[in-house]
Amino acid sequence: MTGDASALFRSRVLFVTGKGGVGKTTTAAAVGRVAAATGRRTLVMEVDNQHPSLPAIFGKPAAHQPVEVEPNLWIANTEWQPALEDWVESIVSMRRLVRLIMKNRVVSLFLQVTPGARDLVMLWRVSELAKSFDLVVVDMPASGNAVAMLSVPLTAERLFPSGPIRACAEALLAMVARPDTALVLVALPEEMVVNETLETLERLQAGMPTLRVPIILLNRASMPTLSERERSLLRALEREFTEGVAVEVLEAGAWEEGLEAATGEALARLQEAKRPVIALPSLPRNDGARRVAAQMASALARGAGLRVLLRGGA
Ligand SMILES: Nc1ncnc2c1ncn2[C@@H]1O[C@H](COP(=O)(O)OP(=O)(O)O)[C@@H](O)[C@H]1O
Ligand SMILES: [Mg+2]
């Protein structure tokens with residue numbers, strides 16, 4: 001840990017994004033678990049995911065409606081169609097009329113093909129859920145799509161001078177700008193991922209300057225374990241042994257050194273982001289999603305200086 005993770009736990013709405021496969025869902029689940037352990041009613045939600053990953057972590061299916069998985073902790077996979085119906089209902093506030101409107105092919109076609117309508121409704125659903133939870137952690141799509149989704153309210157505000165879409169866009173812009181709304185970027189110690197992280201941050205700052213991005217998480221980090229003495233010993237031994245079992249041991253040492261170097265480089269480059277970077281450990285590959293998320297939760301809690309009793313994962 002090279003930074004303070006507590007900023008994560010001060011938010012009410014927390015968007016989590018990053019390049020595909022960096023550990024967004026794992027991180028979102030871990031943040032949720034720690035927040036719940038501190039006594040906050042917490043929801044971790046995926047956004048209309050065709051292959052939701054939260055069920056494997058919590059051992060319960062995720063549905064559109066939040067499902068309680070642990071004390072204070074719920075999961076959901078927000079679906080577009082029911083979210084749209086709820087949104088229309090929030091405007092016309094009569095179930096019968098909603099059904100009529102939704103049956104109207106022109107209206108539903110308009111909503112389904114209008115670029116951004118889907119994203120707008122999904123964000124609206126987040127803002128609604130935030131009314132009944134202390135914290136909503138949104139496991140967002142990969143960075144490009146997440147930025148597009150978050151910029152929809154601004155576009156909608158420009159396009160619609162009045163009416164319900166305008167009102168919705170304004171409410172969402174207010175939500176994004178709240179001091180307790182934040183976005184966290186998850187990165188890996190790999191050059192391409194670090195580049196994409198810095199680019200995403202730049203796009204967010206240019207397009208949505210009101211959205212707070214307080215910290216960056218560097219997942220799968222290998223913190224230095226070798227001392228200087230061990231390193232020079234490694235160098236010397238590499239010259240001595242060129243065959244046999246010793247070579248394998250030396251290769252393992254070199255591999256470890258390579259991972260540490262990659263983490264060091266990523267940490268150095270991420271300085272450009274001018275915000276604290278929190279390193280999360282690389283965990284054993286075959287531990288399974290559930291245990292990985294549980295260990296990540298412990299690491300986050302330690303990094304935030306929170307003494308909580310965490311459940312599950314063992
Ligand atoms: N720090 C880590 N150490 C080991 N495995 C990890 C770590 N973080 C994530 N994983 C594993 O990597 C895979 C991808 O993580 P996931 O959170 O699903 O990524 P994303 O949501 O960004 O696609 C999962 O199998 C997860 O258990
Ligand atoms: Mg995921």
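Residues numbered from 1 in each chain as written. Chains lettered and ligands numbered in written order. Predicted model: local features only at pLDDT ≥ 70, side-chain atom pairs only at ≥ 80, totals over all residues.

Draft legend 1. Quick look at the sheet that holds strand β1 (residues 13–18). As summarised here, the arrangement of the eight strands in space is β3-β4-β2-β5-β1-β6-β7-β8, forming an open sheet in which the pairing is mixed. Whereas interior strands pair on both sides, the edge strands pair on one side only; in this sheet they are β3 (67–70) and β8 (277–281). Ignoring strand direction, the axes of neighbouring strands in this sheet form an average angle of 25°. Bridge count for β3 against strand β4 (residues 73–78) is three bridges, and the pairing is antiparallel. Among the inter-strand pairings, Glu70 is bridged to a residue of β4, identified as Leu73. (Pairing = 2+ DSSP bridges. Helix = DSSP H or I, 4+ residues; strand = E, 2+ residues; numbered from the N terminus. Axes fitted to C-alpha atoms, helices over the stretch in contact; angles between N-to-C directions.)

Draft legend 2. Representation of unusual backbone geometry. Unlike most non-glycine residues, Asp48 shows phi in positive territory, near 40°. Residue classification places Asp48 among the partly exposed positions, given that 18 C-beta atoms sit within 10 Å. In this model, Asn72 sits at a positive phi of 70°, which is unusual for a non-glycine residue. Turning to its location among the elements, Asn72 is positioned in the loop between β3 and β4. With 20 C-beta atoms packed within 10 Å, Asn72 lands in the buried category. (Buried ≥ 20, exposed ≤ 12 C-beta atoms within 10 Å, placed from the backbone.)

Draft legend 3. Geometry of the pairing of β8. Most of β8 is tucked away, with four of its five residues classed as buried. Bridge count between strand β7 (residues 216–221) and β8: four bridges; the pairing is parallel. Bridging across to β8, Ala221 finds its partner in Pro281.

Draft legend 4. Here's a closer look at the nonpolar core. Of all hydrophobic cores here, the largest spans 86 residues; its most connected members are Leu14, Val138, Val184, Ala187, Leu218 and Leu300. Once you skip the residues sitting within four places of it in the chain, Ala187 turns out to touch Gly18, Val22, Val193, Val194, Thr197, Ile216, Leu217, Leu218, Asn219, Ala266 and Leu270. (Core = buried A, V, L, I, M, F, W, Y, C linked by C-beta atoms within 7 Å. Contact = placed C-beta atoms within 7 Å.)

Draft legend 5. The environment of Arg220, seen in detail. Turning to its location among the elements, Arg220 is positioned in strand β7. Along the chain, Arg220 and Leu280 lie 60 residues apart, while their C-alpha atoms are 5.9 Å from each other. Dropping the residues within four chain positions of it, Arg220 is found in contact with Gly23, Leu188, Pro189 and Ser282.

Draft legend 6. Structural detail: the packing of helix α6 (residues 117–129) against helix α7 (residues 143–159). In contact at an axis separation of 9 Å, α6 and α7 are set at 100° when each is read in the N-to-C sense. In this view, α6 runs roughly perpendicular relative to α7, as classed from their interaxial angle. For the pair α6 and α7, the contacting residues are Asp119, Leu120, Met122 and Leu123 in the first and Ala148, Met149, Val152, Pro153 and Ala156 in the second. (Parallel < 35°, antiparallel > 145°, perpendicular 65-115°, else oblique.)

Draft legend 7. Quick peek at the site of ligand 1. Around ligand 1 lies a shell of 15 residues, among which Gly23, Lys24, Thr25, Thr26 and Leu283 are the nearest. Contributing elements (two or more residues each) for the shell around ligand 1: α1 (24–37), β7 and α12 (289–303). It is α1 that provides the largest number of residues to the shell around ligand 1, a total of three residues. The residue inventory of the shell around ligand 1, partitioned by class, reads five nonpolar, eight polar and two charged. (Near = placed C-beta within 6 Å. Nonpolar A, V, L, I, M, F, W, Y, C, P; charged D, E, K, R; others polar.)

Draft legend 8. Seen up close, α6. Its 13 residues place the ends of α6 18 Å apart at the C-alpha level, agreeing with the 18 Å of an ideal helix rising 1.5 Å per residue. Those residues of α6 lying buried are Asp119, Leu120, Val121, Met122, Leu123, Trp124, Arg125 and Val126. (Expected span 1.5 Å × (residues − 1).)

Draft legend 9. Inspection of α7 at higher detail. Helix length check: α7 (17 residues) gives 24 Å between terminal C-alpha atoms against 24 Å at 1.5 Å per residue, within 8%. At Val152, α7 shows its largest kink, close to 35°, and the proline Pro153 lies no more than four residues downstream. The complete set of buried residues in α7 reads Ser143, Ala146, Val147, Met149, Leu150, Val152, Pro153 and Ala156. Looking at the buried side of α7, the elements it contacts are β1, α6, α8 (164–177) and α9 (191–207). (Bend = angle between axes of the 7 residues up to and from the residue.)

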